[in-house]
Amino acid sequence: MNFHNIPTFSNFSVSGGETNFSYSDPQRLEKPPICIKCGSGSRVKTRFLNYQYAPKAAYVGLLLGPVIGLILLAATSAHHKIVVPYCRTCWWRYQIAGLAVGATMIVFLAAIVGGIAMMLQFDSGYLCFPLPIISLTLVAAAAVVRNRF
């Protein structure tokens, strides 16, 4: 007989001639995983997400100098490996949102080059700004969509 994991009765009370028992078992049953986004229980797999975090104040160190800033960033950055249950549909949406952020960043860099080329071609400094501004709004929109997934 195992005396280490004995089920116990707690919250014993007698009220109005009626006895109420609450049974608590220290060995809990494991529930099947559900998706963290939609709550679905079908086709759920555990996914591993790697995040790197650096405090915003560490980036201010870059203003002091590139060497000091890089040392501060290296000293204060942290890496996290997070285990998250996602269903197939939500995981696909999460990956597509990440690809959209990457694609819009490439479009942003192309817009900067295109803006400089338009500025030089038409001899107007104002033509350098519209393409990067439009692409920057696309980057922001993709980042917002990424945060929703």
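Below or above, wherever it landed, is the structure these notes cover. (Residues numbered from 1 in each chain as written. Predicted model: local features only at pLDDT ≥ 70, side-chain atom pairs only at ≥ 80, totals over all residues. Heavy atoms only, no water.)

### Here we look at the overall build of the protein chain
Thinking step 1. Within the protein chain, the secondary structure is distributed over four helices and four strands.
Thinking step 2. Taken from N to C terminus, the helices and strands of the protein chain fall in the order β-β-β-α-α-β-α-α.
Thinking step 3. Looking at the 149 residues of the protein chain, the share that counts as buried comes to 17%.
Thinking step 4. Long-range contacts, defined here as pairs at least 24 residues apart, represent 58% of the contacts in the protein chain between residues at least 6 apart.
Thinking step 5. Surface summary for the protein chain: the accessible area is close to 11800 Å², and the carbon and sulfur share equals 66%. (Helix = DSSP H or I, 4+ residues; strand = E, 2+ residues; numbered from the N terminus. Buried < 20%, exposed > 50% of the residue type's maximum accessible area, 1.4 Å probe, protein only. Contact = heavy atoms within 4.5 Å. Areas by Shrake-Rupley, 256 points an atom, 1.4 Å probe, with all protein chains shown as cover.)

### A closer look at the nonpolar core
Thinking step 1. Judged by nonpolar contacts, C35, V44, L49, V84, Y86, C87, C90, W91 and Y94 together constitute the single largest core of nine residues.
Thinking step 2. When residues no more than four places from it in sequence are discounted, the contact partners of L49 are H80, K81, I82, V84, Y86, W91 and Y94. (Core = buried A, V, L, I, M, F, W, Y, C linked by side-chain atoms within 4.5 Å.)

### Observations concerning the packing of aromatic side chains
Thinking step 1. This model, assessed by the stated rule, comprises three aromatic pairs.
Thinking step 2. Both rings, one in W91 and one in Y94, keep their centres 5.5 Å apart while their planes meet at 20°; by these two values the pair is stacked. Of this pair, W91 and Y94 both sit in helix α3 (residues 88–122), three residues apart, which is roughly one turn of that helix. Across the pair, Y94 and W91 agree in class, each one buried.
Thinking step 3. The ring of F48 has K81 sitting right over it, with the charged end atom 5.0 Å from the ring centre.
Thinking step 4. Over the aromatic face of Y94 sits the side chain of R146, whose NZ or CZ is 4.5 Å from the ring centroid. (Phe/Tyr/Trp six-rings, centres within 6.5 Å; stacked < 30°, edge-to-face > 60°. Lys NZ or Arg CZ within 6 Å of the ring centre and 35° of its normal.)

### Here we look at α3
Because an α-helix packs 3.6 residues into every turn, residues spaced three or four apart end up facing the same way.
Thinking step 1. If you check α3, its first and last C-alpha atoms are 50 Å apart, about what 35 residues at 1.5 Å a residue would give, namely 51 Å.
Thinking step 2. Within the span of α3, buried status applies to C90, W91, Y94, A97, T104, F108, A111 and G115.
Thinking step 3. Buried-residue contacts for α3 involve β3 (44–53), β4 (78–87) and α4 (130–148).
Thinking step 4. Downstream of α3 by one or two residues, D123 has phi in the positive range, about 55°. (Expected span 1.5 Å × (residues − 1).)

By themselves, these observations are geometric and do not establish any function.
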